Amino acid sequence: MNLDILEEDILSKKFFEILENKKIYNPAINKHKLKAWNNFSKTGIPTNKIEDYKYTDCRKIFEKFSDLNIKRHDIKIYQSDSEYRIDINLCSNLKFQKDNTFIEWSQNKKIDIDGKIVVYDLNDESHIAKNINILNKLFKSKNDNPMAELNNSFFISPILVNINKDINKPIKINYNIEENDILLMPNIIFNIQSDIKASIINIYPQNKKNHIINDNISIFVDKYSKADYYSIQNSNENCIINNSQIYLEENSNFILNNITHSSKFIRNNISISLEGKNSEAHLNGLYYGKNDNHIDNNIQINHLAPNTYSNQLYKGIVTDTSLGIFNGKIFVDKLAQKTNAFQLNNVLILSEKAKAKTKPQLEIYADDVKCSHGATIGQLDEDQLFYLRTRGISLDIAKSMITKAFIEEILDKIDKKYIMDYIDNI
Amino acid sequence: MLNIENLEAIIKVHKAEKNKFKDKKKSVKSSNLSEYKVLKGINLKINPGEIHIIMGPNGSGKSSLASLLAGHPKYICTGGKISFENENLLEMEPEERAQKGIFLAFQYPIEIPGINNSYFIKTALNNKNEILEKNKISPKDFLTLIEENRKSINLDKKLLKRHVNCGFSGGEKKRNEILQMAMLKPKLAILDEIDSGLDVDALKDIGENIQRLQTKENSTILITHYARILKYINPDKVHILVDGKIIKSGDTTLAQQIEKEGYLSNASINN
């Protein structure tokens, strides 16, 4: 265990002490947790001395915690006519609507919904043993993201959601937290079996409770399956560090719709591995920063098999004194011939003090590939504004029309049926 | 209706654009902006129901005059007066001028990706109705009205559903300008080189529509290089603008004379 760095890093030291006190003895998983901690402790909580965190100092967001208030969370599963719901809870006095049926964990810490969805509690030894392959893969994957490793080294209330059949309603991740100043580290693994369609919606907490959430969301998409993942971050005063790992098998198709607005601090670490040939990943990102919002998107796409396709379109709007960051890396392995990889980041700056950073990167080892990347940062076009105004449209309306037009391209791409309620106020 | 007296104006240009003005004399130099004198004492009076043609060589200030009248922020008046219906035009924002009835058809209409053309025209029209304290136009009436005008100007129907001017040909952009004019029914239309780059059919459609929209109440300023559009339009006056000044005014025959002899001979006559 690397303790040298901890001498100076009080924050990581605190984490270490908590970890020591809360040891769970399970040989199969402890080895992994230890490795994760070792990886994490190489850097500790990342500051802007690390290249990937150049504009984002994660230690700052922990400053308000005199004590690290890491809480265990409970997972509860509900079913209603319109959705399946994974609730992340702290308090025992839950509120839930009438049409929701609460599904109890069975004695062996397992939930089976009509054989379609089977959820395992991964704190249970027998489940760890049974799903050790997927866990090995998860922990083994070259993870140079310290925040994901911090989550892994705690591995609090982890669940594995197996999706075995087509589901005609989405799975929604929902937070139910009423206390203030909580640090949460949920870890959810979705395993989508072959030839299945599934939608997953992750709604981050929208209250004003000053939480820090450092989650791990892993999604395995098997052959010929199609997964839509919505990540809705409208999280007010809460700080979110989202670590998402996606693994795509042959002929699978994955769509990420990531909408971020009105959020104090967001860091998205998204890593997508196209491991099977003909797999496809589409990323639609829309971020809107106001006040002193800090939004940082860090995207890594790994093309590891032939004939794979990825397309990233990230559109950002920043106003007031907010900061919007896009850092996108496309890696093409030498095996991944015939790769098509596209990336575009457009940012609109609406005020003098708002800032935007963009850093597209390509790392290509195959010789038969088609890759493109581009980025623009600009202000509202003076000529477009003038044109609208000469038609009698006021400056304010003209500005809002052009701003809306800017995000129209991305809203057009997103299937809005599940998320209309959450994006109305953009 | 419009009264321009001794109008002088400058343009503020960003350094990156200054090549366009390299043959003009620079007056002031600040850090990023350069200033050029574009209008040097213009007098022009337009009465209701009149069509005025302004002709002149490249860089003489024709488009500057049009942009200044519409309120483009790059142009700054340094002397003289403009009154429109007895109000000081120079004190108004571009949208206020439009709401009072001034319309500028752009020489190079602006493309706005993401805004539907028909939605844009409807927003402008409803905005005007709101100012005039009229009711919003019903969707049905709007469709009838726009369809009528669209047919008259021969604009392809699918261009209404496209984004404003995006993917339009040069001629389609100009037809779209006249469509907006027909919908908004301005008191004073300023048409900046509406006829340049048009084929004979488009010229005919646009010329005929300008004449069609002309009534006893509204007026038109038509800026052009060529007399060919006069086949369809009967102007009341023709002005020659050279180096920021109107050097000669006359009737249609002046336009024909320019077409034959060029601007220089006329400029020298006056000087």
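Here the structure is shown first, and the text comes after it.
The structure presented is a predicted model; accordingly, all values stated were derived computationally and were not measured. (Residues numbered from 1 in each chain as written. Chains lettered and ligands numbered in written order. Predicted model: local features only at pLDDT ≥ 70, side-chain atom pairs only at ≥ 80, totals over all residues. Heavy atoms only, no water.)

### A few points about the interface of chain A and chain B
The parts lose accessible area when they come together, and the size of an interface is often stated as this lost area. To be explicit about the condition: In what follows, residue pairs with any heavy atoms lying within 4.5 Å of each other are defined as contacts. We define buried area as the total accessible area lost by two parts upon association, computed with a 1.4 Å probe and summed across both. Whenever a carboxyl oxygen of Asp or Glu lies within 4 Å of a side-chain nitrogen of Lys or Arg, that contact is scored as a salt bridge. Two N or O atoms count as a polar contact when they lie within 3.5 Å, although within protein this holds only if one can serve as hydrogen donor and the other as acceptor, and sequence-adjacent residues are included solely when both atoms are side-chain atoms. Secondary structure elements are taken from DSSP: a helix is a run of H or I of four residues or more, a strand is a run of E of two residues or more, and numbering for both begins at the N terminus.
Contacts between chain A and chain B engage 18 residues on the former and 32 residues on the latter. Carbon and sulfur atoms make up 66% of the area that chain A and chain B hide from each other, which totals about 2,000 Å². The tally of links between chain A and chain B comes to three salt bridges. At the boundary of chain A with chain B, the tally comes to 12 residue pairs in polar contact (both at pLDDT 80 or more). Counting only elements with at least two residues in the side of chain A that touches chain B, the list comes to α8 (382-389) and α9 (395-413) of chain A. Considering each element in turn, the side of chain A that touches chain B owes the most residues, seven residues, to α8 of chain A.

### So, empty space enclosed by the protein
Over the atoms rolls a probe the size of a water molecule, and in doing so it shows where empty space is left. Residues and elements named next belong to chain A. Stated precisely, the cut-off is as follows: Each cavity reported here is a set of points on a 1 Å grid over the protein atoms alone in which a 1.4 Å probe fits but cannot get out, each pocket an open set with protein on both sides within 12 Å along at least five of seven lines, and each lining residue one with an atom within 4 Å of a point. Grid points are joined across faces, edges and corners, and a volume is the space filled by probe spheres set on the points. Polar here means any residue other than Ala, Val, Leu, Ile, Met, Phe, Trp, Tyr, Cys and Pro, which are nonpolar, and Asp, Glu, Lys and Arg, which are charged; Gly is therefore polar.
Applying the stated criterion to the full structure yields five cavities of 30 Å³ or more. If you trace the second largest cavity, you find it lined by I77, Y84, R85, I86, I113, I117, V119, V161 and I171. Counting residues per element, the ones that place at least two in the lining of the second largest cavity are β2 (84-89) and β5 (117-121). Broken down by element, the residue count for the lining of the second largest cavity peaks at three residues, all from β2. Residues that form the lining of the second largest cavity fall into these classes: eight nonpolar, no polar and one charged.

### Re the pattern of salt bridges
The tally for this structure, following the rule as stated, stands at 22 salt bridges over all chains. Connected through salt bridges with shared partners, the residues K137, E249 and E275 of chain A form a single ionic network.

### Topic: unusual backbone geometry
The general pattern is negative phi for most residues beyond glycine and trans for most peptide bonds. Residues and elements named next belong to chain A. The criterion, for reference: Accessible area is worked out with a 1.4 Å probe on protein chains only. A residue is then buried under 20% of its type maximum, exposed over 50%, and partly exposed in between.
Even without being a glycine, D195 presents a positive backbone phi close to 60°. You can see D195 is positioned in the loop between β9 (187-192) and β10 (197-203). For D195, a relative accessible area of 58% puts it in the exposed group.

### Quick word on the sheet that holds strand β1 (residues 74-79) of chain A
All names here are of chain A. Threshold: Here the rule is simple: two strands pair whenever DSSP picks up at least two bridges between them. Axis lines are fitted to C-alpha atoms, over the contacting stretch for helices. Their N-to-C directions set the angle, which ranges from 0 to 180 degrees.
Taken in spatial order, the 11 strands make up an open sheet running β3-β1-β2-β7-β10-β12-β14-β16-β18-β20-β22, and their pairing is mixed. Both edges of this open sheet fall to β3 (101-103) and β22 (369-378), since each of them pairs with a single strand only. Across this sheet, the average inter-strand angle for adjacent strands is 15°, counted without regard to direction. With three bridges joining them, β1 and β3 adopt antiparallel strand pairing. Of the residues in β3, the one forming a bridge with Y78 is F102.

### Considerations on the packing of aromatic side chains
As a reminder, the rule being used: Pairs were defined over the aromatic rings of Phe, Tyr and Trp, the Trp ring being its six-membered one, requiring ring centres within 6.5 Å. Orientation was assigned from the angle between planes: stacked under 30 degrees, edge-to-face over 60, tilted for the rest. Here, a charge over a ring is recorded when the distance from Lys NZ or Arg CZ to the ring centre is within 6 Å and its angle to the ring normal is within 35 degrees.
Per the stated rule, a full pass over the model turns up 11 aromatic pairs over all chains. Judged by centre distance (5.8 Å) and plane angle (25°), the rings of Y387 of chain A and F120 of chain B are stacked. Placement of the pair is Y387 of chain A in helix α8 and F120 of chain B in helix α3 (residues 117-131), with the two residues belonging to separate chains. Here a set of aromatic residues connected by ring pairs shows up, and it is made of F386 and Y387 of chain A together with F106 and F120 of chain B. Between R267 of chain A and the ring centre of Y53 of chain A, over which it is positioned, the NZ or CZ distance is 3.7 Å. In this structure, K315 of chain A is placed above the aromatic ring of F406 of chain A, and the distance from its NZ or CZ to the ring centre is 4.5 Å.

Such coordinate-based values are descriptive only and should not be taken to indicate function.
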